[in-house]
Structure formats: C-alpha cells, structure tokens
Amino acid sequence: MQAKHLPAAQGWLWIKRGYWLFMKAPLLWIVLLLIGLGGVLALSAIPVIGEPLSSLLMPVMMIGLMFGCHELLRGEELELAHLFVGLQKHTSQLITLGGIALVAQYLIFGVMMLVGGAALVGLLMNSQATPDPEIFKQAMAGAGLAVFVGITLFGILLMAMQFAPLLVFFNQISPIAAMKLSLRAYVDNIGAMFIYGTAFLLLAMLASIPMMLGWLVLLPLMFTSVYAAYLDIFPAPPVATEQTPEVDPFKPNQDTF
C-alpha cells in the first residue's frame, strides 16, 4: 500500500472536511468525545497501572471515533456504540499498537535521561504530584539537550501513530508496518501537515478566547479531520465492513461543501 503525495493546500481542506463530518451530528460528537476522554482520565487515575493501561487502550478509543466518521460517510447515523467498536474487531492488534507506543515512550524517556535530563524525566513521570515551579525550572535549566531530543523523538512517534490505528483497523495492516507507513505518509506530505498544524494552532487560540467553549468543537474536529486526511492520503476503500460508500463525498467535483 502506498501513500499519496498531496499539495500543501490539502491541509486546510482536511479541516473543512472534518468540520463537515462534525456538523452531521455535532451534539453526539461532543457527547462521544466527553465519554471517551472521561473514560481515559478515569483509567489514568488508577494508581500504578492506570496510565500504562490508558496508553494501551488509546488506539481502541481512537478507532471508536474514526468508525463513527466511517459510518457517517456511509449514510448511517452516529451512535454511542461506535465508541466501543475497537473492543469488538482487531482488538489485539490495536492494543499491540498501543503497547509499542508505550514502550517507545519509555525508551524516549531513557534516552532523555542519558543526555542529561534525569531530573526532568523524573518530574514528568511523577504523575502523583504537581512539581514545584522552582524545582521544575531548575530541572529545565540543565536539560536543554534532553528537551530537544525528547521533542524530536516524540514528534517522530506522533507521526508514526497518526494514521497507524486507522491502517490497522480499516486496512488490516500489522502494527509495525502501519507505523512505518504512517510515518512515511507524514513525511511525504509535510507541506500539507504544516498547513494543517498551523491552522489548528490558530483555531486553538480562537477556541480559547470565549471561556474555552470553542474547544467543544475543536476537540471533535481533531479526530474527524484526521479521518478526512486518512481518506485523502490512503484512498483505498476501508475493509472493516462489507459495505463501503459507492461515491466518495470528499471528491472536489461533488457538492459536499
């Protein structure tokens, strides 16, 4: 499977398409996201095992939202049950993907410690207490290289994970291969990704102005736009269900927007 190389302007189009998906069921999208994020936060609050467990299940939650997008494009209704579809199909592969990402996070923290960021990593991994601002400032002061290395490696991990759950679930690609393909797609479309990320940064600032209320729209848009980008970069029909849309509602020659 090959990822398409798209022009930079597609980055903004993904946001428009994501907004179109959101507006098909705005209230339910907000409810779905609040339930999903609430579950992740509740799971993370469990001592010792909570945060690793939530990381393992993150691809499962993400697929629930992505499947909602898939069903909307098929002309179906968005349902709360979609949030749990990752627990019914390809669950072991999705959890394996979450496990790989979790191990990668620990390895990145290990590398940061090796290059002088031990104090900073210790603070970041201590989820049971809020660090004193002065202590945090001291840890940051001596960890310039560690911060640079961490940002770089976590950025690469984020790129590898952006489309990986979708590729595992819809295209039945193995977790490692899906991460490689996601990373390649991100690099090949770096211009579109830059426009996409810059637009989201500006939208985040706007969403924060009226008492953060704009985030009720922006948070679902983060997921619906990723699905729009996935369909654009990987145009092969998803195979998770027997039925797929005969007409692509995202084609420019159609009256989608």
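As a reminder, the structure under discussion sits directly above these lines.
Residues numbered from 1 in each chain as written. Predicted model: local features only at pLDDT ≥ 70, side-chain atom pairs only at ≥ 80, totals over all residues. Heavy atoms only, no water.

### Describing the overall build of the protein chain
No. 1: A count of helical and extended segments in the protein chain gives 10 helices and 0 strands.
No. 2: When each of the 257 residues of the protein chain is scored for burial, the buried share is 43%.
No. 3: Element-wise, carbon and sulfur atoms account for 70% of the exposed surface of the protein chain, whose accessible area totals about 13,500 Å². (Helix = DSSP H or I, 4+ residues; strand = E, 2+ residues; numbered from the N terminus. Buried < 20%, exposed > 50% of the residue type's maximum accessible area, 1.4 Å probe, protein only. Areas by Shrake-Rupley, 256 points an atom, 1.4 Å probe, with all protein chains shown as cover.)

### Comments concerning unusual backbone geometry
No. 1: Although it is not a glycine, H90 adopts a positive phi angle of roughly 55°.
No. 2: Here H90 is to be found in the loop between helix 3 (50-73) and helix 4 (91-125).
No. 3: Residues other than glycine seldom take positive phi values, yet Q172 does so here, at roughly 55°.
No. 4: If you trace the backbone, Q172 turns up in the loop between helix 7 (164-171) and helix 8 (175-188).

### Looking at a nonpolar patch on the surface
No. 1: A surface patch of nonpolar side chains, amounting to about 610 Å² of accessible area, comprises Y19, M23, M211, L213, L216 and V217.
No. 2: Among the elements of the structure, helix 1 (10-23) and helix 10 (215-233) are those that each provide at least two residues to the nonpolar patch.
No. 3: Judged by relative accessible area, which is 32%, V217 ranks as partly exposed. (Patch = residues over 30% accessible without salt bridge, like charges linked within 9 Å, V, L, I, M, F, W, Y side chains within 5 Å. Salt bridge = Lys/Arg side-chain N within 4 Å of Asp/Glu carboxyl O.)

### Here we look at the pattern of salt bridges
No. 1: Following the criterion strictly, the structure yields 3 salt bridges and no others.
No. 2: The residue E71 makes a salt bridge to R74 at a minimum N-O spacing of 2.8 Å.
No. 3: Relative accessible area serves as the criterion here: at 9%, E71 is assigned to the buried category.

### Some remarks on the packing of aromatic side chains
No. 1: A full pass over the atoms with the stated rule returns 11 aromatic pairs.
No. 2: The interplanar angle of 35° and the centroid separation of 6.4 Å between the aromatic rings of Y19 and F22 together place this pair among those described as tilted. Of this pair, Y19 and F22 both sit in helix 1, 3 residues apart, which is roughly one turn of the helix.
No. 3: Among the residues examined, F22 registers a relative accessible area of 3% and is labelled buried.
No. 4: Grouping aromatic residues by their ring pairs yields a cluster made of F67, F163, F169, F170, Y227, Y230 and F234. (Phe/Tyr/Trp six-rings, centres within 6.5 Å; stacked < 30°, edge-to-face > 60°.)

### Describing the packing of helix 3 against helix 4
No. 1: Between helix 3 and helix 4, whose axes approach to 8 Å, the crossing angle comes to 135°. Considered as vectors, helix 3 and helix 4 are oriented oblique to each other. In this structure, the crossing between helix 3 and helix 4 has a hand that is right-handed. The segment helix 3 lies against helix 4, with P52, S55, L56, L57, P59, V60 and I63 engaging L94, I95, L97, G98, G99, L102, Q105 and Y106.
No. 2: Its residues placed into classes, the contact of helix 3 with helix 4 shows 11 nonpolar, 4 polar and no charged. (Axes fitted to C-alpha atoms, helices over the stretch in contact; angles between N-to-C directions. Parallel < 35°, antiparallel > 145°, perpendicular 65-115°, else oblique. Left-handed = near helix turned anticlockwise from the far one by under 90°. Contact = heavy atoms within 4.5 Å. Nonpolar A, V, L, I, M, F, W, Y, C, P; charged D, E, K, R; others polar.)

### Here we look at the nonpolar core
No. 1: By size, the foremost hydrophobic cluster in this structure holds 70 residues, and its most contacted members are M66, F163 and Y227.
No. 2: Tallying contributions element by element places helix 3 first for this core, with 10 residues.
No. 3: The contacts of F163, once residues within four sequence positions are left out, are S182, M193, V226, A229, Y230, I233 and F234. (Core = buried A, V, L, I, M, F, W, Y, C linked by side-chain atoms within 4.5 Å.)

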